[in-house]
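# Examination of the molecular architecture
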Amino acid sequence: MAAPVHLPFAHSERSTVGLEWEVALVDADSGDLRQAADAIFDTVGHDHPNITQELLRNTVEISSGKCTTVAEAGRDLQRALDEVAAAAAPLRIDLMGGGTHPFANWATQKVSDKQRYATLIDRTQWWGRQMLIYGVHVHVGVEDRAKVLPISRAMLTVFAQLQSLSASSPFWNGKDTGYASNRALLFQQLPTAGLPYQFEEWSQLEQYVGDMMHTGVIDQFDEVRWDIRPSPRFGTLEMRIADGATNLLEVTAISALTHCLVEHFSSLLDAGETLPSMPTWFVQENKWRSARYGMDAIVITDAVGDEELVTDSVSRWLQVLAPVAERLGCAAELDDVRVILRRGASYQRQRAVARRNAGELDAVVASLVAELRAGKPL
């Protein structure tokens, strides 16, 4: 057994929040992806604190600072988005959100010029080259390292609800996959991606990292790409569950739900309660069901195997979390989850556009570009 790797967990104020949103660069005329991230950075700056490089040259990631409310984080994202849009417009480039591009060819995408990305692609080959996917990541500050793993396990009991609401990747390489979130199942093909292990003790996480580094699987902790992972550097729990959102309203709505859930579970720990958890096999099944069926998924809700339609479960959680949202100052953003329940998730809206346009996926791209510009579902 390898020596464990010490993972100090940075101090972070409780329930601070930070958001990351990956957006695609698409040609204003054809709707196809453009390998133009370098040109964007030449304008906005290569060391911008809120606009950063991603794996592929068709992508930029915009992020917030460490914020006290989701609304504040959303304003950071909007400012960064406006800067990217201004840099992109003279190049005839539009910005698009979503978990995947509806028709782009993964084989023609160019990898950003960074050694860590070259190493990833060299190791993962065919699967790594197919990572033509986009996500939203939500960091929530946890003030005590002892809380991190129990909250992480509890978040796995509501994983499917977050994945279903955010599902926005029904199309892949020009085909309807039949999945609400094809991204979820693509991403887990990377060797350290997918659902996290349900460790009980921090020392088990340190042993895991030691073993992975000793055997050359990773060189540093951030190469662990779990759907939910501790972020020791920031003192946060990072939820990487959500597909890339198609508009800012959905980014902040799903982030508010995530923020409230973490705070809810943290408060239960303060009250001396044992947090809910589910067997690994139920969590795995829930991930598949929500990826496949999205808002029509019947999800497993507890360790004894009770089941509920995911939209009913979300509605119930919105009631439970209403006082938490008031406390966190995100009641309006949490209430916006009802917009998704009412209008349908992005994957449903994308399919509706395709049906109205005889299956033409360039019309879907145009609708995604329009949604991002409008900042809300259309």
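Conventions we followed
- Residues numbered from 1 in each chain as written.
- Predicted model: local features only at pLDDT ≥ 70, side-chain atom pairs only at ≥ 80, totals over all residues.
- Heavy atoms only, no water.
- Buried < 20%, exposed > 50% of the residue type's maximum accessible area, 1.4 Å probe, protein only.
- Helix = DSSP H or I, 4+ residues; strand = E, 2+ residues; numbered from the N terminus.
- Pairing = 2+ DSSP bridges.
- Core = buried A, V, L, I, M, F, W, Y, C linked by side-chain atoms within 4.5 Å.
- Contact = heavy atoms within 4.5 Å.
- Salt bridge = Lys/Arg side-chain N within 4 Å of Asp/Glu carboxyl O.
- Bend = angle between axes of the 7 residues up to and from the residue.
- Phe/Tyr/Trp six-rings, centres within 6.5 Å; stacked < 30°, edge-to-face > 60°.
- Lys NZ or Arg CZ within 6 Å of the ring centre and 35° of its normal.

### Overview of the pairing of strand β11 (residues 236–243)
Among the eight residues that make up β11, eight are buried, leaving the element largely enclosed by the rest of the structure. The sheet contact formed by strand β5 (residues 135–141) and β11 spans six bridges and is antiparallel. Its bridge partner being in β11, G135 is matched across the sheet by D243. Here strand β10 (residues 228–231) runs beside β11; their pairing, made up of four bridges, is antiparallel.

### Comments concerning the nonpolar core
If you look at the biggest cluster of nonpolar residues, it comprises 90 residues, and the most contacted ones within it are W21, M155, L257, L261, F265 and L334. Broken down by element, the residue count for this core peaks at 11 residues, all from helix α8 (residues 248–270). With near-sequence residues (within four places) excluded, M155 lies in contact with L162, I228, L237, M239, T258, L261, V262 and F265. The next biggest cluster of nonpolar side chains, apart from the first, holds 29 residues, and it includes A24, L190, V365 and L368.

### A word on the pattern of salt bridges
Applying the stated criterion across every chain yields a total of 24 salt bridges. K147 is the salt-bridge partner of D270, the closest N and O atoms lying 2.7 Å from each other. Here D270, found in helix α8, pairs with K147, found in helix α4 (residues 145–155); they are 123 residues apart in sequence, far enough to count as distant. For D270, a relative accessible area of 48% translates into the label partly exposed. The residue R153 makes a salt bridge to E200 at a minimum N-O spacing of 3.6 Å. Note that R153 is positioned in helix α4 and E200 in the loop between β8 (193–194) and α7 (202–214), a separation of 47 residues in sequence. One continuous salt-bridge network, built from bridges that share partners, spans R14, E143, K147, E263, D270 and R327.

### Structural notes on helix α10 (residues 310–328)
At L321, α10 is bent by approximately 50°, the largest bend along its length, and proline P323 sits one to four residues beyond. Taken together, the buried positions of α10 are occupied by V310, T311, S313, V314, W317, L318, L321, V324, A325 and L328. Tucked inside the fold, the buried residues of α10 contact α5 (159–166), α8, β12 (298–300), β13 (307–309), α11 (331–335) and α12 (337–343). Immediately beyond the C-terminal end of α10, within one or two residues, lies G329, with a positive phi of roughly 75°.

### Description of the packing of aromatic side chains
Under the defined criterion, the tally for this structure stands at 10 aromatic pairs. Residue placement shows R292 over the ring face of Y179; its charged tip is 6.0 Å from the ring centre.

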